[in-house]
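# Reading the structure
One-letter residues, chain by chain:
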Amino acid sequence: MIAGLPERDRIVITGVGLTAPNGDDLGAFRDSLLAGRSGVTPYEIRYVGQTVAGVCHFDELRYQKKKDLRRGTRAGSVGIYCASEAIRDAGLDWENVDRSMVGIYIGVTEHGNVETENEIHELKGFDYDTKFWSHHHNPRTVANNPAGEISLSLGITGPHYTIGAACAAGNAGIIQGAQMLRLGECDVALAGGVSESIHTFGIFASFKSQGALATHDDPHRASRPFDVDRNGIVVAEGGCLYVLERMDDARRRGAKIYGEIAGYAINSDASDFVLPNPERQAQCMQLALKRAGLNADDVDIVSTHATGTASGDTQECLALRSVFGESRNTRFNNAKSFIGHAMGAAGALELAGNLPSFADGVCHATINVDQLDPDCALNGLVVNQPREEKRVDVILNNSFGMLGINSVLIVKRV
Amino acid sequence: MTPGEIKAVILDILEGIAPDEDLSGLKDDVPLREQLELDSMDFLDIVMELRKRYRVQIPEDDYVNLATMNSTVEYLAPLMKDLS
């Protein structure tokens, strides 16, 4: 039970650093979501050819040298940018922070595919003679790489690792950070998720073979969860990391507080490699609500996971109806319709897109809905245009992934 | 390949490995690691680039010869003299 915890066990968000295909900080990202601005563009990748993707444009050299970029990975670079931005946003006196008590917890859907594909592509030019295989391969592909690069860049000597949780990873990273703070393993947690997935042809090719890769003449309209004409996922890159602290620490230093981690849950479908399980998704939401001491009707905004696949969207809507069917106040939206599916970063980014609602009272929409799928016609679905609410106090963030992993995170106004 | 051409190759490789550094004042008789931020992985990059570009194989025991520009060129001269 998270509700009713003492102040030192209450975990709050005090900083946000992000890069999304339609914005490189929280303000720009939020502006794009309220303006209906997509970040999906034409994209070409080896072997697959022309497709569409959510591509980020953050300034890689703001926190790294050219040599760092050459040595490291795109995921590491995304992570360093987001972590540095989050620390700056949190107003931490970084020079005097005990960096042995900073923990780095980064959700990833996958890591190493990009670097391995690049090496094999290069090796082909040497007739697959492995003496031309790079000595950089191992440090670039170890699973902790994105978190480790943040540690190296920022001189953080506390724990660092990634949390592999498919597309539930963004939430999982935040949950891990909150738990480690409660355990006293760290005093500051850098937590969230990153994705470099648009740089691996394999993810595009695999979704295509599965019949789940979105196509559309207009890239801005390719990602269209809940629309009858949706035809799959738009792959995106991105990252979003939060500074998490215990409530008493945050209050003591007079930190700006975005919201409190009020509840969370992670569970497993145990039913299929790829197909979702609405019963387990609903159980995950119910468990998070119970831990937060909230009812469904207390939730003002549900940030849906929906990716734009026929099965995924309708199954999530089944789960949502079973949990929120009686709720009169809950609104539903979707950020993937703007940026595509940012994989390991998705859950963290989608939460960030909604956090400003506590201050401005607006629920951003899900866009690209020309004809709503009747199976997805949720009461409270905010379609195409943002909606002004009287007040937003509670956000519930869904993030689900392959192999049947579900994660739900609830954040409330402080 | 002449010693001058070999030096130009090494400088080109170093530009890729140390893209933030100004190589114009590099002293040929001073160890590269005293003048540039190069670690062991960077040194392996020099070895790998020579292997990829010219199929030059440098045994690990010979890495010591890559300490300065002068010693590098001197070591590579017989290995690369027939290359264009």
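Look a little higher up for the structure.
In what follows, the accompanying structure is described. Everything numeric in this text was worked out from a predicted model, so none of it was measured. (Residues numbered from 1 in each chain as written. Chains lettered and ligands numbered in written order. Predicted model: local features only at pLDDT ≥ 70, side-chain atom pairs only at ≥ 80, totals over all residues.)

## Let's talk about the overall build of chain B
Each helix and strand in chain B was counted, giving four helices and zero strands. What you see for chain B is a C-alpha radius of gyration of 12 Å, in line with the 12 Å of a compact globule of 84 residues. For the C-alpha atoms alone, the extent of chain B along its principal axes is close to 30 × 25 × 20 Å. In chain B, which comprises 84 residues, the proportion classed as buried is 18%. For chain B, long-range pairs separated by at least 24 residues make up 57% of all intrachain contacts whose partners lie at least 6 apart in sequence. (Helix = DSSP H or I, 4+ residues; strand = E, 2+ residues; numbered from the N terminus. Rg over C-alpha atoms; globule rule 2.2 N^0.38 Å. Buried ≥ 20, exposed ≤ 12 C-beta atoms within 10 Å, placed from the backbone. Contact = placed C-beta atoms within 7 Å.)

## Concerning the packing of helix 3 (residues 74-90) of chain A against helix 6 (residues 145-154) of chain A
Residue and element names in this part refer to chain A. Two numbers describe how helix 3 lies on helix 6: the axes approach to 8 Å, and their chain directions differ by 50°. Considering their axes alone, helix 3 and helix 6 lie oblique with respect to each other. Once helix 3 is placed against helix 6, the crossing between them reads as right-handed. Here Ala75, Gly76, Gly79, Ile80, Ala83 and Ser84 of helix 3 come into contact with helix 6, specifically with Asn145, Pro146, Ala147, Glu149, Ile150, Ser153 and Leu154. In terms of residue class, the contact of helix 3 with helix 6 is built from seven nonpolar, five polar and one charged. (Axes fitted to C-alpha atoms, helices over the stretch in contact; angles between N-to-C directions. Parallel < 35°, antiparallel > 145°, perpendicular 65-115°, else oblique. Left-handed = near helix turned anticlockwise from the far one by under 90°. Nonpolar A, V, L, I, M, F, W, Y, C, P; charged D, E, K, R; others polar.)

## Description of the sheet that holds strand 13 (residues 394-401) of chain A
All names here are of chain A. What the ten strands build is an open sheet, ordered 5-4-6-7-1-8-14-13-9-10; its pairing is mixed. Strands at the two margins of the open sheet, each flanked by one partner only, are strand 5 (160-164) and strand 10 (331-333). Within the sheet, the average angular offset between the axes of one strand and its neighbour, ignoring direction, is 25°. Where strand 9 (residues 301-303) lies against strand 10, three bridges are found, and the strand directions are parallel. From the neighbouring strand, Ser303 faces strand 10, where its bridge partner is Asn333. Seen against the sheet, helix 13 (residues 346-354) touches strand 1 (11-19), strand 4 (102-108), strand 6 (188-195), strand 7 (238-246), strand 9, strand 13 and strand 14 (405-412) and runs at an angle of roughly 160° to strand 13. (Pairing = 2+ DSSP bridges.)

## Regarding the nonpolar core
If you look at the biggest cluster of nonpolar residues, it comprises 123 residues, and the most contacted ones within it are Ala86, Leu190, Leu349, Ala352 and Ile410 of chain A. Here the element with the most residues in this core is helix 3 of chain A; it accounts for nine residues. Discounting residues that sit within four places of it in the chain, Leu349 of chain A has contacts with Leu18, Ala20, Gly170, Gly238, Cys240, Ala335 and Ala342 of chain A. Counting 13 residues, the second-largest nonpolar core is a separate cluster that includes Leu14, Ile17, Met69 and Val73 of chain B. (Core = buried A, V, L, I, M, F, W, Y, C linked by C-beta atoms within 7 Å.)

## Observations regarding the environment of Arg8 of chain A
Residues and elements named next belong to chain A. Mapped onto the secondary structure, Arg8 falls in the segment before strand 1. Judged by the 13 C-beta atoms lying within 10 Å of it, Arg8 falls in the partly exposed class. With 174 residues separating them in the primary sequence, Arg8 and Arg182 have C-alpha atoms 7.6 Å apart. Other than its neighbours up to four places away in sequence, Arg8 contacts Arg246 and Asp248.

Everything listed here is a matter of coordinates, which is why it stays silent on function.
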